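One-letter residues, chain by chain:
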Amino acid sequence: MALTFADIEHLFEERGGEQYSGEPVTQLQHALQTAALGEAEGASDALVTAALLHDLGHLLHDLGETPSLRGVDDVHQYRALPFLRGLFPDEVLDAIKLHVDAKRYLCAARRGYHSSLSADSKRSLLLQGGIFSADEAARFIAQPGAEDAVKLRLWDDLAKDADKATPPLAHYLARARRCALPAAESSLAA
C-alpha cells in the first residue's frame, strides 16, 4: 500500500525526533539537512525528494536505535520502496534504493572517502557488503540513477550537524508534491 503525503508527514511527526543511528542529529534533522544540501546545489525536485526520504525506511521498522551496534543491517534503503512506489517516479526511488551502494562505490572510487565516514557509517558499511571491487564499482555507476545516488550520498554524509537550521518539512513536502506521479493525485490533497 502506497503512503500518502499525510502518512509521510505523520511518520516524521511520530518518529522524526528519534536519534539518527549513532549521530548527533534526529531522523528529521538528518532528512531536512540532506534535502537542504541538495536544494542548495540546485538539484531537481525528484532528487531533493529522494534526499528527504532516503532514510524513511528507518522510520518504518522497529529495530531500535543504532542496529549496526548489534550487527544488524536494517536494509532501510529497500524498506520504504514498496510504500513509495505508487507515489513517486523511478527517479526518486532509484536514488533512495542506491544510496547505500553509493557509499560502497565512493569508498572504492574516491581516495580518502572511507576515512571521512563516521564511525556508524563505517560499521554499517561492513554489514552492507563492504567496499566495492573495481568491477562492482564500474557496474554500480553504470546503473540508471547511480550518479544521483552518489550526489545524495555525499549530502547524506554531511547532514549530521545538530545546530544546522533548515527550512521546515512542509517546504520539502511541497517540492515532493511537484514530482509525484499523476496517479497519486488523490493523495496530493491528503
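All of these numbers come straight from a predicted model, not from anything done at the bench.

A look at helix H9 (residues 119-127)
Among the residues of H9, those classed as buried are Asp120, Ser121, Ser124 and Leu125. Projected down its long axis, H9 shows its buried positions confined to an angular sector of 140°, all on one face. Those residues of H9 that are exposed and aimed more than 90 degrees away from the buried face are Ala119 and Leu126. Here the buried face of H9 lies against helix H7 (90-109), helix H8 (113-116) and helix H11 (146-158). A positive backbone phi angle near 115° is found at Gly129, which sits one or two residues after H9.

Looking at the packing of aromatic side chains
For the structure shown, the criterion picks out three aromatic pairs. Plain terms: the ring middles of Tyr105 and Phe140 are 5.4 Å apart, the flat faces sit at 35° to each other, and that makes the pair tilted. One end of the pair, Tyr105, is in helix H7; the other, Phe140, is in helix H10 (residues 134-141), with 35 residues separating them in the sequence. We classify Phe140 as buried; its relative accessible area is 2%. Judged by centre distance (5.9 Å) and plane angle (40°), the ring pair of Phe132 and Phe140 falls under tilted. Of the two residues, Phe132 and Phe140, both sit in the buried class. What links up through ring pairs into an aromatic cluster is the set Tyr105, Phe132 and Phe140. If you follow Arg177 out to its NZ or CZ, it ends over the ring of Phe5, 4.6 Å from the centre.

Comments concerning the nonpolar core
In globular proteins that are soluble, nonpolar side chains generally tend to be buried together. Ranked by internal contacts, the top residues of the largest apolar core, which has 38 residues, are Ile8, Phe12, Leu52, Leu53, Leu56, Leu84 and Phe88. The greatest single-element share of this core, amounting to seven residues, is contributed by helix H3 (residues 45-53). Sequence-distant contacts of Phe88, defined by excluding residues within four places in its chain, comprise Phe5, Ile8, Thr49, Leu53, Leu93, Ala176, Cys179, Ala180 and Leu181. Ranked by size, the runner-up nonpolar core spans 14 residues in total, among them Leu98, Leu106, Leu117 and Ala149.

Reading the values: rules and limits
- Residues numbered from 1 in each chain as written.
- Predicted model: local features only at pLDDT ≥ 70, side-chain atom pairs only at ≥ 80, totals over all residues.
- Heavy atoms only, no water.
- Buried < 20%, exposed > 50% of the residue type's maximum accessible area, 1.4 Å probe, protein only.
- Helix = DSSP H or I, 4+ residues; strand = E, 2+ residues; numbered from the N terminus.
- Arc of directions from axis to C-beta.
- Contact = heavy atoms within 4.5 Å.
- Phe/Tyr/Trp six-rings, centres within 6.5 Å; stacked < 30°, edge-to-face > 60°.
- Lys NZ or Arg CZ within 6 Å of the ring centre and 35° of its normal.
- Core = buried A, V, L, I, M, F, W, Y, C linked by side-chain atoms within 4.5 Å.

Bear in mind that shape data such as this cannot, by itself, settle questions of function.
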